Each structure stands twice: as C-alpha cells, then as structure tokens.
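Residues per chain are reported as follows:
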Amino acid sequence: MSKENTPDEDDRPGPDPWTQEVGAGAQKRQTEEAEPAASEDAEALVERQRLMQLEMMDRWIGGVLTEQRRSRRWKLFFRFIFVAIIVALLWGAFSSAILVGAGRGMPAQPHLGIVTVDGVIASDSPANAERVISGLNRAWEAEHTEAVLLHINSPGGSPVQSQRIYAEIMRLRDTGDKPIIALIEDIGASGAYYIAAAADEIAASPASLVGSIGVIYSGFGFERAIDSLGIERRVLTAGENKAFLDPFKPLDEDTTEFWQQVLDNTHQQFIDDVVAGRGERLSDDDEIFSGLIWSGEQAIELGLIDRLDSLESLSRSYFDEARWEDYTPAQDPFERLSRRFAQTAAQLLGLKSSPSPVSLQVPSDASY
C-alpha cells in the first residue's frame, strides 16, 4: 500500500470532548451521592455504639444499685438480730434480778430454802464463797424454811473457796435447828463434793457424777520451744525459788518433790474434811480418795451419798407438793448480761460454754 493511501495519524479522530464531560459529570455525581451515604452510615454506627454504651452503663448502674440494696437489707437484718439479742439478754438479766427470791413456793408457807452452786467454784465466778455463804445464811434464818437445800451442779474449783463454804455449812449444821441437804444434779465433783460432804445428807440422781476427791496441778513446759525460736528468757527474783514453776524453765527433781508435798498436804485436808462430814457412812474402799469419779448408783454403795432423789421428790418428802424458795443472792445485772452474752457467743461459735465433767482442773493452778 502506498504511503499516500495510509491515513495520517494526525487525521485520526480524537476523544470526544462531550463524552468526556458527560463521563466526568456522572462520576462526580456518583461520588457526591456516595459521600452522604457513607457519612450517614458512619453517623448511624456511632449512634448505635453510643446507645449500646448507654445501655451497658444502665445495666451496670442497675446491678450496682441492686447489690447495694441487697447489702443494706442484710446489714439491717443482722443489726436487727443483734439488737434483739441484746434486748432479750437485758430483759432476762433485769427480770431475773427483779424476780429473784420469788421462787416457786410461797414464802409465807413452809418450804425448802434453795441455794445454788452452779459452775466452777472460784472467787470471780457466780459460785464464789461470799455469794453461796450469803444465800446459806438467808435460807437458814428464814422463818418458814423447813430445810436448807444446796443445789449443786459443779465440777469443782478453788480449794480456798470450797473450804470457806464447807466451814460455814459445818457451823450451821452444829446448831441443829434445820437439816442441810446437798442435792447433786449433773455433777458434784472435787471441790463441789467437798462442799456437799458438810451437809447432813447428800442426794443425787442415778446418773449424776460424784466424787473426784483429789487435787490437781496442770501446766506446760516451753523451754524447748523458746530455745528453738532463739528467744532469751530474762527473769530476776529475790529468793532462789520464787520462779520455781516458771513454764520456760525445766522442772527439776527438787521442784517436783516440793510441789508434790504441797498437793499431798492439800489432798489430806480434803480427805480429813470429807471424813469429818460423812463419818462412818463412808466405805473402807481406798479408791474413794484416789480422784476417781462415780455415778450416783455407784456412789451410794461407797457411802459418798445417802440416797437417789430429785428436787421434786425431795420437796414432796417434806410437803404434799413441790414447794421451794431460791435464796441465792442475785448477780449484778450487767455481770449476768456479760456472762450470758459470752455463753450465747460460745454456742454460736460451736464452743463449750460450760466446764466438761471429764476435765476437772483449772489450767496452771492447783484445784479440787
């Protein structure tokens, strides 16, 4: 083909300006239409997120408020229970103080005059010598009291407190105006039996625990523990034996021998007073004074008690009906409240609030 017949490149048709303008306009319109749509989607997304956050915040606040209300309800509940216990204890303490001496019988008629010995015998307990002796004298001096009844439920305790009560019973008994009867309930052991031995007559239930005529000292030795901890014990005394029972010192042979003599001497005082109180009613069994404890049925065979009886039947042996009057002095209301609160707390915590009849000793002290 000849060059002449070949179209010149410059003669080729160029892009259509109209078409380009129309295409650019269409693209611009699409972009302009797309931008508002994208903006609307973003705003909607932001709005949804905001609503979700508000909803989550509402739920969280609602949960917190619910938990706070629940917590307040429990606090109010426990406060109510605490106040109710305090009010009940106060009411019991004050009503007991007001009604003490009211008894079950009528003071204008003949009746048994009861004095209770309840719990551990100690100077700082309800069963202390001053309180029991005061009750004994009140019952003894009352005009219509036919007999004085020591109502005993105690594992024992202080030798000195027991001896004081024993001596007062023996003094009253020597006058011979009224019989003094000791009635043992659940337990009348050690120092409690010491007291009972002074009475004209001792009664108990078949299952009562009676006896334990002995003296005990208990303590602990910490000398090895203190050495293992690297602690130095510093004790200064005037008198070479002043610290002879120091739990951080080893117990040597001389100390053991001396302290055993003290216990033996105290035990002999116990034996002598039981023999003086019971006399020939005691059997010849050597184990009576060994510290053993027996049931009421066994005790009557050994001469430790005189008969098996109860409070009701004892009263009916004097009268046609059960009639008695409690002459035990009232405790201080606040002291009674504190003791009762301690007992309640111990029961709630699952602790024992009364002495076990199996363990009759006072730790780190000599006791009956």
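Conventions we followed
- Residues numbered from 1 in each chain as written.
- Predicted model: local features only at pLDDT ≥ 70, side-chain atom pairs only at ≥ 80, totals over all residues.
- Heavy atoms only, no water.
- Helix = DSSP H or I, 4+ residues; strand = E, 2+ residues; numbered from the N terminus.
- Buried < 20%, exposed > 50% of the residue type's maximum accessible area, 1.4 Å probe, protein only.
- Areas by Shrake-Rupley, 256 points an atom, 1.4 Å probe, with all protein chains shown as cover.
- Salt bridge = Lys/Arg side-chain N within 4 Å of Asp/Glu carboxyl O.
- Patch = residues over 30% accessible without salt bridge, like charges linked within 9 Å, V, L, I, M, F, W, Y side chains within 5 Å.
- Lys, Arg positive; Asp, Glu negative; His and termini not counted.
- Charge placed at Lys NZ, Arg CZ, Asp CG, Glu CD.
- Pairing = 2+ DSSP bridges.
- Right-handed = clockwise from strand over helix to strand, strands pointing away.
- Contact = heavy atoms within 4.5 Å.

J.: Is there a simple way to explain the overall build of the protein chain in this structure?
T.: The helix and strand inventory of the protein chain stands at 9 helices and 10 strands. Counting over 368 residues, the protein chain shows a buried share of 31%. For the protein chain, the computed accessible surface area is about 23,400 Å², with 55% contributed by carbon and sulfur atoms.

J.: It is not clear to me how the pattern of salt bridges should be interpreted in this structure. Could you clarify?
T.: Pairs can form between side chains of opposite charge once their charged atoms are near each other. One pass over the structure, following the stated rule, counts 10 salt bridges. With its nearest N and O atoms 2.9 Å apart, the salt bridge here joins Arg-278 to Asp-306. Residue Arg-278 is located in helix 6 (residues 253-278), and its partner Asp-306 is located in the loop between helix 7 (296-302) and strand 8 (307-308); the two are separated by 28 residues in the primary sequence. Here Arg-281 and Asp-306 are joined by a salt bridge, their closest N and O atoms 3.3 Å apart.

J.: What am I meant to see in a negative patch on the surface here?
T.: Among the surface-exposed residues, Asp-252, Glu-253, Asp-254 and Glu-257 lie close enough to one another that they form a single negatively charged patch. With a relative accessible area of 66%, Glu-253 lands in the exposed category.

J.: What am I meant to see in the pairing of strand 4 (residues 201-204) here?
T.: Within a regular strand, side chains alternate between the sheet's two faces. As paired elements, strand 3 (residues 180-189) and strand 4 share 4 bridges and run parallel to each other. Following the sheet pairing, Ala-182 is matched in strand 4 by Ile-202. In this fold, strand 3 hands off to helix 4 (residues 191-196), which returns the chain to strand 4; that crossover is right-handed. Taken together, the 2 bridges between strand 4 and strand 8 define a ladder with parallel strand orientation. If you follow Ala-204 over to strand 8, its bridge partner there is Leu-308.

J.: Got a minute to help me understand a positive patch on the surface in this structure?
T.: On the surface, a cluster of positive charge is contributed by Arg-69, Arg-72, Arg-73, Lys-75 and Arg-79. Inspection of the secondary structure puts Arg-73 in helix 1 (residues 17-99). The exposure class assigned to Arg-73 is exposed, which follows from its relative accessible area of 52%.

J.: When you look at the environment of Ala-198 in this model, what are you seeing that I'm missing?
T.: Its location among the elements puts Ala-198 in the loop between helix 4 and strand 4. Using a relative accessible area of 0% as the deciding quantity, one classes Ala-198 as buried. The spatial distance from the C-alpha of Ala-198 to the C-alpha of Tyr-166 is 5.7 Å, given a sequence separation of 32 residues. Apart from residues no more than four positions distant in its own chain, Ala-198 is found in contact with Tyr-166, Ile-169, Met-170 and Arg-173.

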